[in-house]
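Close look at the chain arrangement
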Amino acid sequence: PAAAAATADIDGVLYMQFLKQFQLEVPSEEFAEHFHAAVVRKVAAKLFAHTADLEAAFAVFDTNGDGRIQYAEFVDVMRKYDVGLSDNQLHDFVQSCKTADDGSLDVKHFAARFGSELDAVVTRDVARQLAAAIHTRDEAKVVFKRYDTDKSKGLDVAEFG
(Lines give C-alpha, C1' and ligand atoms only; values in the text may rest on other atoms or scores of the structure.)
Protein backbone atom coordinates (compact mmCIF):
# COMPACT_ATOMS: atom_id res chain seq x y z
CA PRO A 1 0.00 0.00 0.00
CA ALA A 2 2.83 2.45 0.79
CA ALA A 3 4.49 1.79 -2.62
CA ALA A 4 1.18 2.30 -4.42
CA ALA A 5 0.59 5.50 -2.52
CA ALA A 6 4.07 6.73 -3.40
CA THR A 7 3.45 6.25 -7.10
CA ALA A 8 -0.07 7.71 -7.03
CA ASP A 9 -0.42 11.40 -7.50
CA ILE A 10 -3.51 13.42 -6.54
CA ASP A 11 -6.79 11.57 -5.94
CA GLY A 12 -5.16 8.21 -6.70
CA VAL A 13 -4.45 9.09 -10.36
CA LEU A 14 -1.07 7.87 -11.62
CA TYR A 15 -0.08 11.04 -13.48
CA MET A 16 3.59 10.09 -13.75
CA GLN A 17 2.71 6.72 -15.24
CA PHE A 18 0.35 8.43 -17.67
CA LEU A 19 2.98 11.01 -18.71
CA LYS A 20 5.70 8.36 -19.16
CA GLN A 21 3.98 7.07 -22.29
CA PHE A 22 4.59 10.47 -23.91
CA GLN A 23 8.20 10.80 -22.79
CA LEU A 24 10.65 11.39 -25.62
CA GLU A 25 13.92 9.53 -25.63
CA VAL A 26 17.13 11.48 -26.04
CA PRO A 27 18.57 10.70 -29.49
CA SER A 28 21.61 8.47 -29.59
CA GLU A 29 25.06 9.89 -30.23
CA GLU A 30 25.07 8.21 -33.63
CA PHE A 31 21.80 9.93 -34.55
CA ALA A 32 23.17 13.26 -33.31
CA GLU A 33 26.33 12.85 -35.41
CA HIS A 34 24.28 12.13 -38.54
CA PHE A 35 21.97 15.04 -37.79
CA HIS A 36 24.88 17.45 -37.29
CA ALA A 37 26.60 16.21 -40.47
CA ALA A 38 23.37 16.80 -42.41
CA VAL A 39 23.16 20.34 -41.01
CA VAL A 40 26.77 21.03 -42.02
CA ARG A 41 26.06 19.77 -45.57
CA LYS A 42 22.96 21.94 -45.84
CA VAL A 43 24.71 25.06 -44.52
CA ALA A 44 27.70 24.47 -46.81
CA ALA A 45 25.42 24.09 -49.83
CA LYS A 46 23.62 27.34 -49.00
CA LEU A 47 26.90 29.16 -48.36
CA PHE A 48 28.36 27.93 -51.64
CA ALA A 49 25.55 29.65 -53.47
CA HIS A 50 27.24 32.86 -52.32
CA THR A 51 30.94 31.99 -51.97
CA ALA A 52 33.38 29.12 -52.37
CA ASP A 53 35.98 30.68 -50.10
CA LEU A 54 36.17 29.62 -46.45
CA GLU A 55 37.19 33.06 -45.18
CA ALA A 56 34.35 34.70 -47.11
CA ALA A 57 31.93 32.11 -45.70
CA PHE A 58 33.23 32.91 -42.22
CA ALA A 59 32.64 36.61 -42.88
CA VAL A 60 29.00 35.86 -43.76
CA PHE A 61 28.51 34.65 -40.17
CA ASP A 62 30.81 37.21 -38.53
CA THR A 63 28.31 40.00 -39.05
CA ASN A 64 29.99 42.46 -36.68
CA GLY A 65 33.44 41.82 -38.20
CA ASP A 66 35.24 41.14 -34.90
CA GLY A 67 36.84 37.88 -36.09
CA ARG A 68 34.59 35.69 -33.95
CA ILE A 69 31.13 34.29 -34.54
CA GLN A 70 28.96 34.73 -31.47
CA TYR A 71 25.92 32.54 -30.85
CA ALA A 72 23.45 35.27 -31.85
CA GLU A 73 25.31 35.95 -35.11
CA PHE A 74 25.39 32.26 -35.98
CA VAL A 75 21.69 31.75 -35.26
CA ASP A 76 20.68 34.89 -37.19
CA VAL A 77 22.56 33.73 -40.30
CA MET A 78 21.21 30.19 -39.98
CA ARG A 79 17.70 31.63 -39.91
CA LYS A 80 18.49 33.88 -42.88
CA TYR A 81 19.59 30.85 -44.90
CA ASP A 82 16.47 28.98 -43.74
CA VAL A 83 18.12 25.65 -43.00
CA GLY A 84 14.86 24.43 -41.48
CA LEU A 85 15.92 24.06 -37.85
CA SER A 86 13.93 24.92 -34.76
CA ASP A 87 15.47 27.10 -32.05
CA ASN A 88 16.21 23.98 -29.99
CA GLN A 89 17.88 22.26 -32.96
CA LEU A 90 19.96 25.37 -33.67
CA HIS A 91 21.02 25.48 -30.03
CA ASP A 92 21.91 21.78 -30.11
CA PHE A 93 23.91 22.21 -33.31
CA VAL A 94 25.84 25.21 -31.97
CA GLN A 95 26.60 23.24 -28.79
CA SER A 96 28.07 20.47 -30.97
CA CYS A 97 30.61 22.86 -32.52
CA LYS A 98 34.02 23.10 -30.94
CA THR A 99 34.45 26.69 -29.85
CA ALA A 100 37.02 29.07 -28.42
CA ASP A 101 37.19 29.52 -24.66
CA ASP A 102 34.59 32.30 -24.77
CA GLY A 103 32.08 30.11 -26.63
CA SER A 104 32.52 31.83 -29.97
CA LEU A 105 33.67 30.31 -33.25
CA ASP A 106 36.91 31.67 -34.64
CA VAL A 107 38.17 30.93 -38.15
CA LYS A 108 40.02 27.82 -36.96
CA HIS A 109 36.93 26.29 -35.34
CA PHE A 110 34.72 27.34 -38.25
CA ALA A 111 37.12 25.67 -40.70
CA ALA A 112 37.19 22.51 -38.59
CA ARG A 113 33.39 22.29 -38.67
CA PHE A 114 32.59 23.50 -42.19
CA GLY A 115 35.81 23.47 -44.23
CA SER A 116 35.82 19.92 -45.57
CA GLU A 117 32.14 20.03 -46.44
CA LEU A 118 32.51 23.40 -48.17
CA ASP A 119 35.38 21.89 -50.20
CA ALA A 120 33.19 18.89 -51.04
CA VAL A 121 30.35 21.14 -52.22
CA VAL A 122 32.78 23.15 -54.37
CA THR A 123 34.32 19.99 -55.80
CA ARG A 124 30.91 18.50 -56.66
CA ASP A 125 29.79 21.73 -58.32
CA VAL A 126 33.01 22.07 -60.32
CA ALA A 127 32.75 18.42 -61.40
CA ARG A 128 29.17 19.05 -62.60
CA GLN A 129 30.25 22.14 -64.53
CA LEU A 130 33.19 20.33 -66.10
CA ALA A 131 31.05 17.35 -67.05
CA ALA A 132 28.56 19.68 -68.74
CA ALA A 133 31.31 21.56 -70.62
CA ILE A 134 33.44 18.64 -71.76
CA HIS A 135 32.25 16.58 -74.67
CA THR A 136 35.40 14.84 -75.91
CA ARG A 137 38.58 13.36 -74.46
CA ASP A 138 40.64 16.14 -76.07
CA GLU A 139 38.48 18.80 -74.42
CA ALA A 140 38.96 17.03 -71.09
CA LYS A 141 42.74 17.14 -71.47
CA VAL A 142 42.70 20.85 -72.31
CA VAL A 143 40.49 21.71 -69.35
CA PHE A 144 42.50 19.49 -66.98
CA LYS A 145 45.78 21.10 -68.01
CA ARG A 146 44.31 24.57 -67.60
CA TYR A 147 43.25 23.87 -63.99
CA ASP A 148 46.23 21.70 -62.95
CA THR A 149 48.27 24.83 -62.22
CA ASP A 150 50.76 23.06 -59.96
CA LYS A 151 51.32 20.31 -62.57
CA SER A 152 50.61 17.62 -59.97
CA LYS A 153 48.45 15.59 -62.38
CA GLY A 154 45.66 16.06 -59.87
CA LEU A 155 43.15 18.78 -59.09
CA ASP A 156 42.29 20.31 -55.76
CA VAL A 157 39.85 23.00 -54.75
CA ALA A 158 42.52 25.73 -54.58
CA GLU A 159 43.29 25.30 -58.29
CA PHE A 160 39.74 26.27 -59.19
CA GLY A 161 39.95 29.59 -57.30
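Note that the structure is predicted; figures quoted are calculated from it, not measured. (Residues numbered from 1 in each chain as written. Predicted model: local features only at pLDDT ≥ 70, side-chain atom pairs only at ≥ 80, totals over all residues. Heavy atoms only, no water.)

Okay, the packing of aromatic side chains next. Considering all chains together, one arrives at four aromatic pairs under this definition. Summarising the aromatic geometry, the rings of Phe58 and Phe110 are spaced 5.5 Å apart at their centres and angled 75 degrees between planes, so their arrangement reads as edge-to-face. Of this pair, Phe58 sits in helix 4 (residues 54–61) while Phe110 sits in helix 7 (residues 107–133), and the two are 52 residues apart along the sequence. Each member of the pair, Phe58 as well as Phe110, is classed as buried. Ring geometry for Phe61 against Phe74: centres 5.0 Å apart, planes inclined by 20 degrees, an arrangement best described as stacked. Here the residue Phe61 occupies a position in helix 4, and Phe74 occupies one in helix 5 (residues 71–80), the gap between them amounting to 13 residues. As far as burial versus exposure is concerned, Phe61 and Phe74 are alike and both buried. Among the aromatic residues, those joined into a ring-pair cluster are Phe58, Phe61, Phe74, Phe93 and Phe110. (Phe/Tyr/Trp six-rings, centres within 6.5 Å; stacked < 30°, edge-to-face > 60°. Helix = DSSP H or I, 4+ residues; strand = E, 2+ residues; numbered from the N terminus. Buried < 20%, exposed > 50% of the residue type's maximum accessible area, 1.4 Å probe, protein only.)

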